[in-house]
Every structure is written in C-alpha cells, then in structure tokens.
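# Tertiary structure, described
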Amino acid sequence: MLVIGILLGVTVGLILLARAVQLDTQSQFMLEDPVVQAAIEERIRPVGEVALIGEVEQEAAAAAAVQPEQVAAPMSGPQVFNAACYLCHSAPGVGGAPVVGDASAWGPRIEQGLDVLVQHALNGYQGQAGFMPPKGGRVDLSDEEVRAAVEYMVEQVQQ
C-alpha cells in the first residue's frame, strides 16, 4: 500500500510539474501571440517580387510567342491503306473483307461504282459476308484520305 501511495504521489507531482512547464513555455507558441504571428509572417514572406513589364515588352513577347500551326499533310492512298486498311484487307481477309488484288471478290463491289464503295468506307457497311466499320475504325482520317485508300485498292484489282 505504501509503494502504491508513493507511486501515486510521484505521478501527481510529475503531472503538476508538466503543467507548470507548459504554462511557462507554450505561451510563446500560441497562435494569438503577436510574436508567433510575426514569426509566421516572416517565414511565409515571398522570396521575390513580380515585376510588370511595359507595353513595348508585352508586344515583343506576344510577337515572339506567335507560332504558326503545323498542318499535317494528308496521307496518300497507299499510306492510308498501310495505316488503316491493311489489317483487314490483306490475305486472308478479316471479317469478310475482300483481299486487295482479288478480282473475284472486288468485281461485284466495283460494279456498284466508286462512289458507293467510298460511302461504304466512310459510313460503314454491314453485308452478308461481314462488317466494315466507318472509316475502317480510324475516325481520325479525313474523307479525302479514305477516298484515296479506296481508289488505291480498286487500282490494285484493275492492274
């Protein structure tokens, strides 16, 4: 009992000592203290300042910043074929797509006319043999590029 009493007394003494030290030392760190506020302001003070330039410098900077847009050159028929059409229209032909150079597969299609072939290539086509997605699945191609690819494939059959 005596040991527990002594330990309890030491604990209460340590708590009181900690509170006394806290009152003496922690007051300088309280946010309401002007000294603490001044220290915070000093720490977050900007390192530099923004310098505004005059009209002459602004015009010179604007003239230097203007860059002409680069225009991508349209791809030719063979380029479009190799980039987008080759996968389905090369042997053995995927999804019922006629293989380039196969006159028996292309003959009935060519008889419909080039404009019909181009419309099927642009808008997609669901036939008995398979499915053609619009622009071969490459919606980033222009209509002219798709037309050039169709003309290229037709030329390969007619050679």
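In short, a report on the structure. (Residues numbered from 1 in each chain as written. Predicted model: local features only at pLDDT ≥ 70, side-chain atom pairs only at ≥ 80, totals over all residues. Heavy atoms only, no water.)

### Quick look at the packing of helix 5 (residues 103-112) against helix 6 (residues 114-123)
It is the contact of helix 5 with helix 6, at a shortest axis distance of 5 Å, that shows an interaxial angle of 105°. Between helix 5 and helix 6, the crossing angle belongs to the class labelled roughly perpendicular. Seen from helix 5, the contacting residues are Trp106, Arg109, Ile110 and Gln112; seen from helix 6, they are Val116, Leu117 and His120. Its residues assigned to classes, the contact of helix 5 with helix 6 comprises four nonpolar, two polar and one charged. (Axes fitted to C-alpha atoms, helices over the stretch in contact; angles between N-to-C directions. Helix = DSSP H or I, 4+ residues; strand = E, 2+ residues; numbered from the N terminus. Parallel < 35°, antiparallel > 145°, perpendicular 65-115°, else oblique. Contact = heavy atoms within 4.5 Å. Nonpolar A, V, L, I, M, F, W, Y, C, P; charged D, E, K, R; others polar.)

### Digging into the packing of aromatic side chains
By the definition in use, this model includes two aromatic pairs. Note on Phe81 and Tyr86: the rings are 6.0 Å apart at their centroids and 90° apart in plane angle, and the pair reads as edge-to-face. By relative accessible area, which is 6% here, Phe81 ends up buried. Measuring from ring centre to ring centre gives 5.5 Å for Phe81 and Tyr152, while their planes differ by 50°; the resulting arrangement is tilted. Taken together, the residues Phe81 in helix 4 (residues 77-89) and Tyr152 in helix 7 (residues 143-158) connect sequence positions 71 residues apart. Taken together through their ring pairs, the aromatic side chains of Phe81, Tyr86 and Tyr152 make up a single cluster. (Phe/Tyr/Trp six-rings, centres within 6.5 Å; stacked < 30°, edge-to-face > 60°. Buried < 20%, exposed > 50% of the residue type's maximum accessible area, 1.4 Å probe, protein only.)

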